[in-house]
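Per-entry structural report
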Amino acid sequence: TKQTFANMKQTDQTTQAFLNLNEDEAVRTAQEIDKAGIDPENLLSGIPVAIKDNLVTKGLTTTAASKMLENFKPIYSATAVEKLAAKQTINVGKTNMDEFAMGGSTENSAFKVTTNAWDKTKVPGGSSGGSAAAVASGQVPLALGSDTGGSIRQPASFNGVVGMKPTYGRVSRWGLIAFGSSLDEIGPITRSVKDNAVALSAIAGHDDHDLTTSTKEVPDFAAELNEKTTVKGMKIGLPKEFIGEGVDEDVKNAVLAAADKYRELGATVDEVSLPHNKYGVAAYYIIASSEASSNLQRFDGIRYGYRADDVKNLEDVYVKSRSEGFGDEVKRRIMLGTYSLSAGFYDAYFKKAAKVRTLIIRDFQKVMEDHDFIMGPVAPTVAFSIGAEISDPMTMYMNDILTIPVNLAGLPGMSIPAGFSNGMPIGLQLIGKPFDEETLYKAGYVFE
Ligand code: GLN
């Protein structure tokens, strides 16, 4: 653990993946594990893990990269964090992210700019950019992220690591600072598919604190990852919309090469269609922003974190604290969300977006009727330069065109490294049936 911190401090001078290190407590935990003895059956025993800063950690400052929570010390830990601790992992610190997970480059953090592990002039992706960069730069073998519209898969793709967004309801969201509650999901980011499978088995499962969690049994996801031939006979769908216009040529070719690899191993890959995919981004920004505007009401200057001084009355506390505490992107979402939920506009926006969501769900269901999983790119491009898109929200939003529909449908989606373009990693996305992360791990293991 001490060596891990020495390495982290060195590497993080460039990467800037961490907002807050947990050194004293981590060393104490490591000593306790030493005393108790490592359980050889428990692959996670003694493993350093990093936690995205929108997962609350008892006694350890949790900011969601917002000035609003700058000095907030939670009084409990998220279920996923507790479950990792129960496996004798060591929480080494909290990772940088876009404020309240809103963004795709980690540039919306109120505190620092994280750099891509492969090129320090490039973004690490987002919103779990700190977690992905921490893993890719060799600081930790495992980090937790959250994914509302791509925030685990896209930074994993940009940094050449493995990221799993499990099925909605697979992992408890208790203790995850809510963004879009019908979309949010917690998942692991690791260097290998097998590590990822081990981590998901550890954090998944029903939780009385989150009644959207499933009571389905959690498989040992790593158990069958010993040979690469398990894709034999599988039927894979490749949506034509995923390799169409706007997708970079190198990215497209990496996906087609992966398809060939699956064919070589005895799977079939055929072209399918997700016709409503193109409406995903529009529907998502209505639904996610609406849910966010509601979830973020609790940051009122009274209950948590930041409170403006120099206030005259109660309304002033709310207005000033929220004006000063939230960054621009968060305010943009709150405005968009409250507008689309307001009485005169609900039918035109929120209700319509909800209907589009149903069409997207049906598209996936139709393809999944006769396919084991779907493959495609994670993002249309590789990591872009820091500063290149931050002043253009629409361009930034379009980066998630291939990940967002998966959240709208609640399906599992995984990003695995599948080549390079100009020295930057390309991610392959595998999308599964509800609660069938197992198939995705098997299919991902082919590229291990
Ligand atoms: N980039 C998307 C957004 O800004 C997705 C973020 C996420 O998955 N948390 O909303």
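Residues numbered from 1 in each chain as written. Predicted model: local features only at pLDDT ≥ 70, side-chain atom pairs only at ≥ 80, totals over all residues. Heavy atoms only, no water.

- You'll find the chain entered in an unreviewed UniProt entry as Glutamyl-tRNA(Gln) amidotransferase subunit A, with Secundilactobacillus malefermentans given as the organism.
- UniProt, in its Subunit (unreviewed entry) section for the chain, records the words "Heterotrimer of A, B and C subunits."
- According to its UniProt record, the chain has this under Catalytic activity (unreviewed entry): "L-glutamyl-tRNA(Gln) + L-glutamine + ATP + H2O = L-glutaminyl-tRNA(Gln) + L-glutamate + ADP + phosphate + H(+)". (UniProt positions renumbered as here; feature names shortened; annotations may be inferred.)

1. Topic: the overall build of the chain
- Helix and strand content of the chain: 14 helices and 11 strands.
- Taken against the 2.2 N^0.38 rule, which gives 22 Å for 448 residues, the C-alpha radius of gyration of the chain at 21 Å falls within 12% of a compact globule.
- Expressed along its principal axes, the backbone C-alpha trace of the chain runs to roughly 70 × 65 × 45 Å.
- Within the chain, contacts between residues separated by at least 24 positions form 75% of all contacts whose residues are at least 6 apart in sequence.
- Positive and negative side-chain charges in the chain, numbering 46 and 56 respectively, have mean positions lying 2 Å apart. (Helix = DSSP H or I, 4+ residues; strand = E, 2+ residues; numbered from the N terminus. Rg over C-alpha atoms; globule rule 2.2 N^0.38 Å. Contact = heavy atoms within 4.5 Å. Lys, Arg positive; Asp, Glu negative; His and termini not counted. Charge placed at Lys NZ, Arg CZ, Asp CG, Glu CD.)

2. Details of the site of the ligand
- Neighbouring the ligand are 15 residues, the closest being G149, S151, Y284, R333 and D400.
- Between G150 and the ligand, the recorded distance is 3.3 Å, taken from a backbone N or O atom to an oxygen atom.
- At 2.5 Å, a side-chain N or O of D400 approaches a nitrogen atom of the ligand.
- Here the ligand loses 99% of its free accessible area of 290 Å² to cover by the protein chains.
- Looking at the shell around the ligand residue by residue, the classes come out as 5 nonpolar, 7 polar and 3 charged. (Near = heavy atom within 4 Å. Polar contact = N/O pair within 3.5 Å; in protein donor to acceptor, adjacent residues only side chain to side chain. Areas by Shrake-Rupley, 256 points an atom, 1.4 Å probe, with all protein chains shown as cover. Nonpolar A, V, L, I, M, F, W, Y, C, P; charged D, E, K, R; others polar.)

3. Thoughts on the pattern of salt bridges
- Applying the stated rule across the entire model yields 14 salt bridges.
- One salt bridge connects R173 with D210, and the closest N-O pair in it is separated by 3.7 Å. Pair noted here: R173 is in the loop between β5 (162-165) and β6 (185-190) and D210 is in the loop between α6 (193-203) and β7 (235-239), with a separation of 37 residues, a long-range link. One exposure class covers both R173 and D210, and it is buried.
- Residues joined in a network through salt bridges with shared partners are E329, R332 and R333. (Salt bridge = Lys/Arg side-chain N within 4 Å of Asp/Glu carboxyl O. Buried < 20%, exposed > 50% of the residue type's maximum accessible area, 1.4 Å probe, protein only.)

4. Brief notes about unusual backbone geometry
- Across the junction of G126 and S127, the peptide omega takes the value 10 degrees, indicating a cis bond.
- Assignment of secondary structure puts S127 in the loop between β3 (90-95) and α4 (129-136).
- In the Ramachandran plot, A101 falls in the positive-phi region, its phi being about 70 degrees despite a non-glycine side chain.
- Structurally, the position occupied by A101 is in the loop between β3 and α4.

5. Brief notes about the sheet that holds β3
- Here we have 11 strands laid out as an open sheet, ordered β1-β3-β2-β4-β6-β5-β10-β11-β9-β7-β8, and mixed in their pairing. Strand pairing shows two members of the sheet lacking a second neighbour, β1 (18-21) and β8 (268-272), which therefore form its edges. Strand-to-strand twist across the sheet, computed as the mean angle between neighbouring axes with direction ignored, equals 30 degrees.
- Bridge count between β7 and strand β9 (residues 373-377): 2 bridges; the pairing is parallel. Following the sheet pairing, G237 is matched in β9 by I374.
- Its contacts with the sheet put helix α11 (residues 347-369) on β8, β9 and β11 (424-432), and the angle it makes with β9 is roughly 120 degrees. (Pairing = 2+ DSSP bridges. Axes fitted to C-alpha atoms, helices over the stretch in contact; angles between N-to-C directions.)

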